[in-house]
Structure formats: structure tokens, C-alpha cells
Amino acid sequence: MQVNLLPGQELAKELIQLKVGGRKALSTILAERLPRRLAQDGFEPLTGHPAELGLSRIADFPDRVLQELSGRIQSWTMTPSGSEGWRKAEVMRGGVSTRELDPRTMESRRIPGLHFIGEVVDVTGWLGGYNFQWAWSSGTVCARAMTELGA
Ligand SMILES: Cc1cc2nc3c(=O)[nH]c(=O)nc-3n(C[C@H](O)[C@H](O)[C@H](O)COP(=O)(O)OP(=O)(O)OC[C@H]3O[C@@H](n4cnc5c(N)ncnc54)[C@H](O)[C@@H]3O)c2cc1C
């Protein structure tokens, strides 16, 4: 994953400009733009030069280091070590294809009288309620259709 921690900014250019007469520590300048703990303790993952960056005034840094630092902040690369697995899984991809179902009733187009709703259908939403909504909505549509049919 690549994350731009300071989108829309020309960070390298700004830092190099701040070098002129710059007495502030680089970590202080970064803490004005990033969460303080990340700015002060996060140098190692960002730059690989923790002591050098944490202790020095911005004016002491070569442009090259500031450019490298900016690149890392604006293109912070992380490799996820894995997923949390089934224990934490919250939604399932795949299932009965929506093409196989009548959306007005959720009834199978192949086998009349057989209905599918919710998680078992191949509809996957972002977390945050969309899957619940799908389960309730498809269930409602199906129940109404069955009631009308007197099923
Ligand atoms: C930990 C977790 C967190 C989640 N958080 C969210 C969220 O924040 N927002 C969101 O939108 N979605 C969330 N989801 C997904 C959401 O819960 C499901 O998409 C939704 O509940 C699916 O509803 P459903 O009725 O289709 O299936 P289910 O809720 O799975 O209901 C199926 C029911 O059938 C029963 N059953 C199974 N086999 C049989 C059988 N042979 N005989 C009789 N009964 C049987 C089961 O016991 C179960 O009660 C989460 C899921 C999990 C696991």
C-alpha cells in the first residue's frame, strides 16, 4: 500500500525553502504538518535516519535528504503482513449470482419457489451497514412477494 500522508502539498520544495535562515528542528516543522508522535517518533520507518532527523535543525540537512524524506512521507509504502483471517472476517464474496434471481421477488429463475436473500447472494458491500441493508432489503422484497403469492 502506498499512502500520501500530505496530499496536495509540494513538501520537498517547502522544506528546502524553509532551510533559509531555518533555526527550527526538522521534527518540529514536521509536527506542524503531521501528528506529533508520527513526526517525532516515526522517522525510522519514514527515513531510516532517526537520530539525524530528530535532532538537527532543518538548515543542517542537505536538499537530498529532505527530498528523500518528502518522498517517503508522500509515498509511504507499507506491505500488509497478512489478514486477520476467518476469525475477523465480516463479509463474504461470491454466492448465488444475481443474474439467476428475479430482483422483484429474489426467486430463482431456474427453480420456481426457491428464493435467496442476504449473504448467500453474490452481493458484497463495504463494511458500514451496506451488507445489513442488503440483507434487510432483499429479505423484505422476498417476504412481500411471498405474502402476495400466499406462500
Ligand atoms: C463479525 C461480523 C461483523 C459484521 N459487521 C457488519 C457491519 O458492520 N455492517 C454490515 O453491513 N455488515 C456486517 N457484517 C455482515 C452482516 O452481518 C451479514 O452480511 C448479514 O448478517 C447477512 O445476513 P443474512 O440474514 O443473509 O445471514 P446471517 O446473518 O448469516 O443469518 C443466517 C442465519 O441462518 C442460520 N442458519 C445457518 N444454517 C442453518 C440451517 N441449516 N438451518 C437453520 N438455520 C441456519 C444461521 O445460524 C444464521 O442465524 C458483519 C459480519 C460479521 C461476521
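Here we summarise the structure given alongside this text. (Residues numbered from 1 in each chain as written. Predicted model: local features only at pLDDT ≥ 70, side-chain atom pairs only at ≥ 80, totals over all residues. Heavy atoms only, no water.)

1. Topic: the overall build of the chain
Regarding its fold elements, the chain presents seven helices and four strands. Overall, the chain shows an N-to-C arrangement of helices and strands of β-α-α-α-α-α-α-β-β-β-α. The buried share of the chain, taken over its 151 residues, is 26%. Once local pairs closer than 6 in sequence are excluded, the contacts in the chain between residues at least 24 apart make up 64%. (Helix = DSSP H or I, 4+ residues; strand = E, 2+ residues; numbered from the N terminus. Buried < 20%, exposed > 50% of the residue type's maximum accessible area, 1.4 Å probe, protein only. Contact = heavy atoms within 4.5 Å.)

2. Section: the packing of aromatic side chains
Aromatic rings in a pair are described by how distant their centres are and how their planes are angled relative to each other. Applying the stated rule across the entire model yields one aromatic pair. Between the aromatic rings of Phe 132 and Trp 136, the centroid separation amounts to 5.5 Å while the plane-to-plane angle is 15°, which identifies the pairing as stacked. On the criterion of helical spacing, the pair formed by Phe 132 and Trp 136 is a turn pair, its members being four residues apart in helix 7 (residues 130-149). Since its relative accessible area comes to 56%, Trp 136 is described here as exposed. (Phe/Tyr/Trp six-rings, centres within 6.5 Å; stacked < 30°, edge-to-face > 60°.)

3. Focus: the environment of Met 92
With respect to the helices and strands, the residue Met 92 is situated in the loop between strand 2 (76-77) and strand 3 (101-102). On a C-alpha basis, the gap between Met 92 and Val 121 in space is 9.6 Å, while along the polypeptide they are 29 residues apart. Those residues in contact with Met 92 that sit more than four places away from it in its chain are Trp 86, Glu 119 and Thr 124.

4. Structural notes on the site of the ligand
Around the ligand sit Ala 89, Glu 90, Gly 118, Glu 119, Gly 128, Gly 129, Tyr 130, Asn 131, Phe 132 and Ala 135, and those are all the residues in its vicinity. Here an oxygen atom of the ligand sits 3.0 Å away from a polar atom, N or O, in the main chain of Asn 131. For the ligand, whose free accessible area comes to 1000 Å², the fraction covered by protein is 36%. A per-class count over the shell around the ligand returns four nonpolar, four polar and two charged. (Near = heavy atom within 4 Å. Polar contact = N/O pair within 3.5 Å; in protein donor to acceptor, adjacent residues only side chain to side chain. Areas by Shrake-Rupley, 256 points an atom, 1.4 Å probe, with all protein chains shown as cover. Nonpolar A, V, L, I, M, F, W, Y, C, P; charged D, E, K, R; others polar.)

5. Let's talk about helix 1 (residues 11-18)
One full turn of an α-helix is made of 3.6 residues, so residues set three or four places apart face in the same direction. Every buried residue of helix 1 is accounted for by Leu 11, Ala 12 and Leu 15. Projected down its long axis, helix 1 carries its buried residues within an arc of 95°, all on one side. Looking at the packing, one finds that the buried side of helix 1 touches helix 2 (26-31) and helix 6 (63-74). (Arc of directions from axis to C-beta.)

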